[in-house]
Amino acid sequence: MAVCIAVIAKENYPLYIRSVPSQNELKFHYTVHTSLDVVEEKVSAVGKSIGDQRELYLGLLYPTEDYKVYGYVTNSKVKFVIVVDSSNTSLRDNEIRSMFRKLHNSFTDVMCNPFYNPGDPIQSKAFNGIVSGMMVQTG
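About the criteria used
Think of each chain on its own: its residues are numbered from 1, step by step along the sequence as written. With the structure being a predicted model, the display of local features is reserved for residues of pLDDT at least 70 and the display and counting of side-chain atom pairs for 80 or more, all residues being used for whole-chain, interface and lining totals. By convention in this description, side-chain values take in all heavy atoms of the structure and omit both hydrogens and water. UniProt positions are given in the numbering used here, feature names are shortened, and annotations may be inferred rather than shown by experiment. Helix and strand assignments come from DSSP, with helices taken as H or I runs of at least 4 residues and strands as E runs of at least 2, each series counted from the N terminus. In what follows, a contact means two residues having at least one pair of non-hydrogen atoms within 4.5 Å. When DSSP finds two or more bridges between two strands, those strands count as paired. Here an axis means a line fitted to C-alpha atoms, over the contact stretch when the element is a helix, while the angle between two N-to-C directions is reported on a 0 to 180 degree scale.

- The name an unreviewed UniProt entry gives the protein chain is Trafficking protein particle complex subunit 2-like protein, with Cyprinodon variegatus as the organism.
- Per UniProt, the comment on the protein chain under Sequence similarities (unreviewed entry) is "Belongs to the TRAPP small subunits family. Sedlin subfamily."
- In its Subcellular location (unreviewed entry) section, UniProt records this for the protein chain: "Cytoplasm, Perinuclear region".

What about the environment of Val136?
Part 1 of the reasoning: Assignment of secondary structure puts Val136 in the segment after helix 3 (125-134).
Part 2 of the reasoning: Val136 sits 114 residues away from Ser22 along the chain, and the two C-alpha atoms are 12 Å apart.
Part 3 of the reasoning: For Val136, the residues in contact, after removing those within four places along its chain, are Met1, Ala2, Val3 and Val20.

Some details on the sheet that holds strand 5 (residues 79-85)
Part 1 of the reasoning: As summarised here, the arrangement of the five strands in space is 2-1-5-4-3, forming an open sheet in which the pairing is antiparallel. A single partner strand is all that each edge strand has here, and the edge strands are strand 2 (14-19) and strand 3 (57-63). Between one strand axis and the next, the sheet turns by 15° as a mean value, whatever way the strands run.
Part 2 of the reasoning: The strands that helix 2 (residues 93-112) touches are strand 1 (2-8), strand 2, strand 3, strand 4 (67-73) and strand 5; relative to strand 5, the one it contacts most, it runs at about 140°.
Part 3 of the reasoning: Along the sheet, helix 3 makes contact with strand 1 and strand 2, crossing strand 2 at roughly 40°.

What follows is the structure, encoded as structure tokens:
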């Protein structure tokens, strides 16, 4: 399961970042923001490919010693980043894809809320519940 989940706006500012454990929050902010360069690189590489068939799931962005960082970009250029503990070898690529799909569906629900102003930080309880279900349960 994930140790950090982030939603980054089209203009590269965070709409939502949640991490477990919370004492590493600054480290995860840094990890998420450094992954944005890799996301931009992959998106521009896909744009140059023949036929321009956009795959929303970007796959493994980069591994670190402790974590693996995965990325996903919506058609509206909103980026989702999931950071997973490297010691979790049982997590398969299709499970990561399904996590992103659930996150994207929940994000779409937030966007469809008439009381949500696009560009504001996400404060939806339903979205928070979906994210909590994906996070590593510690303790």
